[in-house]
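Geometric and topological summary
One letter stands for each residue in the lines below.
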Amino acid sequence: GHPLTWSRFHRYKDIQEYLDYLGSSMPDLVKIITIGKSSENRPLKVAHISSGKKKDPPAIWIDGGVHGREWIAPSTALFILKQLTENYNTNKGVVDGIDWYIMPVANPDGYEYSHSTDRLWRKSRSKNPSKRYDDYRSDDYNYYDEGRQARFFWGDDPENCQGVDLNRNWDFHWKEVGASNNPCKPTFAGDRPFSEPETRAMSDFIMDHSEQMKAYLTLHSYSQMLLLPWGYTKQNPKDYDDLMYLGRKAIESLTRMYGTPYKIGTSPSLLYPTSGSSDDWAKGRAGIKYSYTLELRDKGTFGFLLPATQIVPTGRETFAAVKTIAKHVMNSD
Ligand code: 0X9
Ligand code: ZN
């Protein structure tokens with residue numbers, strides 16, 4: 001194992017090796033926890049950073065790579081991880097005051113598939129049992145063809161019919177809005193909530209630590225937005241003002257770095273409504289107050305194909321936002 005270069009996006013094998021390297025070179029600071037296995041049997045790894053300097057510290061969870069093609073999300077999670085560990089001395093305050101749980105690649109199968117086969121792959125890679133035609137009649141996303149045999153999901157490309165959208169599979173208002181019944185669609189919610197080993201492993205782990213968790217951050221791309229709950233309804237949570245206040249402070253720190261503009265608001269107001277997403281679950285079920293989705297760079301110039309030259313600036317500005325959230329959580333504890 002050895003440090004990572006920021007000059008390109010890495011394969012999952014190299015990311016795992018980096019995590020294991022951190023765990024073995026800084027055993028007092030970093031522990032690598034395998035919380036489960038993906039559908040294709042890849043280990044699901046979380047880095048736990050804890051200096052042990054503070055008793056019962058608040059915790060922050062950060063995940064990236066829930067969607068395979070959003071490569072800037074794992075690289076940003078790794079950048080943050082590096083700052084908190086290899087650059088401990090410059091970031092002592094937030095490392096000593098917080099227990100960090102960082103999962104850089106929440107969907108390793110989808111991430112690898114987007115490297116090997118289909119650059120724009122979003123979902124996981126589980127095998128969906130083929131279904132009868134009638135099962136999708138109620139699906140508003142599915143434009144089926146009455147006259148055709150059901151074999152390949154009525155005109156959908158069979159290549160797309162594997163996997164579940166891991167940001168539609170969580171057990172909170174599951175499949176109410178902005179999620180598909182159809183396994184061939186990119187927003188397929190799964191046959192039932194937590195049908196996927198990835199979402200099950202993450203939610204079990206977060207639930208087990210929910211007392212300690214004060215912020216849940218999930219990194220996605222793209223659009224340069226900080227999204228706050230709810231995603232499933234246009235109503236605002238009771239503590240909406242607190243979430244807006246801290247969210248604004250976080251994006252002010254982010255923008256101060258390179259001038260990158262960010263919008264803040266809820267998903268239905270800025271993007272579209274969705275249900276069964278991790279941010280809503282973290283707040284609604286796990287009771288984590290500060291739950292945010294960060295849609296990282298850019299606004300569509302490169303979109304998912306963001307060049308590797310933007311890994312470092314995206315990492316630096318996002319880390320500035322994350323530190324602002326961390327300091328708030330430390331002081332309000
Ligand atoms: O649709 C998504 O899952 C997210 N956008 S992405 O382009 N990265 O796929 C947005 C999710 C925001 N959160 C909720 N709507 N709950
Ligand atoms: Zn995403």
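Definitions and cut-offs
Residues numbered from 1 in each chain as written. Chains lettered and ligands numbered in written order. Predicted model: local features only at pLDDT ≥ 70, side-chain atom pairs only at ≥ 80, totals over all residues. UniProt positions renumbered as here; feature names shortened; annotations may be inferred. Helix = DSSP H or I, 4+ residues; strand = E, 2+ residues; numbered from the N terminus. Buried ≥ 20, exposed ≤ 12 C-beta atoms within 10 Å, placed from the backbone. Pairing = 2+ DSSP bridges. Axes fitted to C-alpha atoms, helices over the stretch in contact; angles between N-to-C directions. Contact = placed C-beta atoms within 7 Å.

In the annotation of an unreviewed UniProt entry, the entry for the protein chain reads Carboxypeptidase, and the organism field reads Nesidiocoris tenuis. Taken directly from UniProt, the Cofactor (unreviewed entry) text for the protein chain runs: "Zn(2+)".

Quick look at the UniProt feature "active site" (unreviewed entry) in the protein chain now. As recorded in UniProt, the sites labelled "active site" (unreviewed entry) are Glu-295. Within the secondary structure, Glu-295 sits in strand S8 (residues 290–296). A residue is classified by how many C-beta atoms lie within 10 Å of it, and Glu-295, with 22 of them, is buried.

Taken in spatial order, the eight strands make up an open sheet running S1-S2-S4-S3-S5-S8-S6-S7, and their pairing is mixed. The strands lining the two open edges of the sheet, one partner per strand, are strand S1 (30–37) and strand S7 (263–266). Strand after strand, the sheet turns through a mean of 20° between neighbouring axes, direction not considered. When strand S2 (residues 43–49) meets strand S4 (residues 99–103), the two strands line up antiparallel, connected through three bridges. Following the sheet pairing, Ala-47 is matched in S4 by Ile-102. The sheet contacts of helix H5 (residues 197–208) involve S1, S2, strand S3 (59–64), S4 and strand S5 (213–221), and relative to S1 the element is tilted by about 135°. With respect to the sheet, helix H9 (residues 311–331) is in contact with S3, S5 and S8, its orientation differing from that of S8 by roughly 170°.

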